[in-house]
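# Notes for the structure review
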Amino acid sequence: MLRINIPPTGPAPLTFADFTKYHLPMPSKGVKAKINKETILFFDNEFEAVVYADKLEEIVTTVSKSSPLKNILRDMATAIRNDDTIRNYLEYSSIYTWLKTRLRMIRTAIAPSPVFFKN
């Protein structure tokens, strides 16, 4: 089981009540609030956490700029993406490695040759 802490960054920390108030999607294994006002998200594995962060980022695009929900969603997605376990997973996962090499090949193909600059 994977645990990701959401630190209290805003004026009001994220609570379980915010999940019901804003109809936020629940993580696969649930949510727990700690005494020090941190909220912990529980997932089965890193893949589920990445998919959850992607869902949150999609929801952010549909929320108005003045809504407090926008900050909550961004804080949650950022906390998930900044987690060391998630970073390691993304860096060493096969699809990420494949994409990284393909992008490098595309950039090489698109980049102008130094021969063009000699004239």
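Further up the page is the structure itself.
Residues numbered from 1 in each chain as written. Predicted model: local features only at pLDDT ≥ 70, side-chain atom pairs only at ≥ 80, totals over all residues. Heavy atoms only, no water.

## Considerations on the sheet that holds strand 2 (residues 30-33)
Here is the rule: Note: two strands are recorded as paired if DSSP finds a minimum of 2 bridges between them. Put simply, DSSP H or I for four residues or longer makes a helix, DSSP E for two residues or longer makes a strand, and each gets a number counted from the N terminus. For helices, the fitted line uses only the C-alpha atoms of the stretch in contact; every axis is such a line through C-alpha atoms, and the angle between N-to-C directions lies from 0 to 180 degrees.
A sheet is described by the order of its strands in space; here 3 strands give the open sequence 1-3-2, paired in antiparallel fashion. Each end of this open sheet is capped by a strand with a single partner; those strands are strand 1 (2-6) and strand 2. For this sheet the average axis-to-axis angle between neighbouring strands, irrespective of direction, equals 25°. Bridging between strand 1 and strand 3 (residues 39-43) involves 5 bridges; their strand directions are antiparallel.

## A short note on the packing of helix 2 (residues 46-60) against helix 4 (residues 84-92)
Filter applied, for reference: Every angle not falling under 35 degrees, over 145, or within 65 to 115 is termed oblique; those three ranges are roughly parallel, roughly antiparallel and roughly perpendicular. We call two residues contacting when some pair of their heavy atoms lies within 4.5 Å.
Across the interface, helix 2 lies against helix 4 with an axial gap of 10 Å and an inter-helix angle of 95°. Considering the angle they form, helix 2 stands roughly perpendicular to helix 4. Of the residues in helix 4, those touching helix 2 at Glu46, Phe47, Ala49 and Val50 are Thr85, Ile86, Tyr89 and Leu90.

## Looking at the side chain of Thr39
Quick note on the threshold: Summary of the burial criterion: residues with accessible area below 20% of their type's maximum are buried, those above 50% are exposed, and those between are partly exposed, where the area comes from a 1.4 Å probe applied to protein chains only.
Its place among the elements puts Thr39 in strand 3. When its relative accessible area of 0% is taken as the criterion, Thr39 is described as buried. When neighbours within four sequence positions are excluded, Thr39 is seen to be in contact with Ile4, Asn5, Ile6, Leu14, Thr15, Val31, Lys32 and Ala33.

## Brief notes about a nonpolar patch on the surface
The line we're drawing: Patch criteria: residues need more than 30% relative accessible area and no salt bridge. Like-charged residues are merged within 9 Å; nonpolar side chains of Val, Leu, Ile, Met, Phe, Trp and Tyr are merged within 5 Å. For accessible areas, the Shrake-Rupley method is used with a probe of radius 1.4 Å. Any residue's cover is judged against the shown protein chains and nothing else. Basic side-chain nitrogens of Lys or Arg form a salt bridge, by our definition, when they fall within 4 Å of a carboxyl oxygen of Asp or Glu.
On the surface, a cluster of nonpolar side chains totalling about 320 Å² of accessible area is made up of Ile95, Trp98 and Leu99. Position of Leu99 relative to the elements: it lies in helix 5 (residues 94-110). Take Leu99: its relative accessible area is 42%, and that puts it in the partly exposed class.

## Points about the pattern of salt bridges
Taken as a whole, this structure holds 3 salt bridges when the rule is applied. Residue Arg81 pairs with Asp54 through a salt bridge whose shortest N-O separation is 2.2 Å. A residue pair is termed long-range when its members are at least 10 positions apart, and Arg81 in helix 3 (residues 68-82) and Asp54 in helix 2 qualify at 27 residues. Judged by relative accessible area, which is 22%, Arg81 ranks as partly exposed. Overall, the relative accessible area of 32% leaves Asp54 in the partly exposed class. Two residues, Glu57 and Arg81, come together in a salt bridge whose shortest N-O distance is 3.3 Å. Pair noted here: Glu57 is in helix 2 and Arg81 is in helix 3, with a separation of 24 residues, a long-range link. Among the ionic contacts, a cluster of salt bridges with common partners joins Asp54, Glu57 and Arg81.

## Notes on the packing of helix 2 against helix 3
Which entries qualify depends on this criterion: Left-handed describes a crossing in which the near helix is turned anticlockwise from the far one by less than a right angle; the clockwise case is right-handed. Three classes are used, and their members are as follows: Ala, Val, Leu, Ile, Met, Phe, Trp, Tyr, Cys and Pro are nonpolar, Asp, Glu, Lys and Arg are charged, and the others, Gly among them, are polar.
At a closest axis distance of 9 Å, the pairing of helix 2 and helix 3 adopts a crossing angle of 155°. Relative to helix 3, the element helix 2 lies roughly antiparallel. Crossing angle aside, the handedness with which helix 2 passes helix 3 is left-handed. Across from Ala49, Val50, Tyr52, Ala53, Asp54, Leu56, Glu57, Ile59 and Val60 in helix 2, the residues of helix 3 making contact are Lys70, Leu73, Arg74, Met76, Ala77, Ile80 and Arg81. Across the contact of helix 2 with helix 3, the residue classes break down as 11 nonpolar, no polar and 5 charged.

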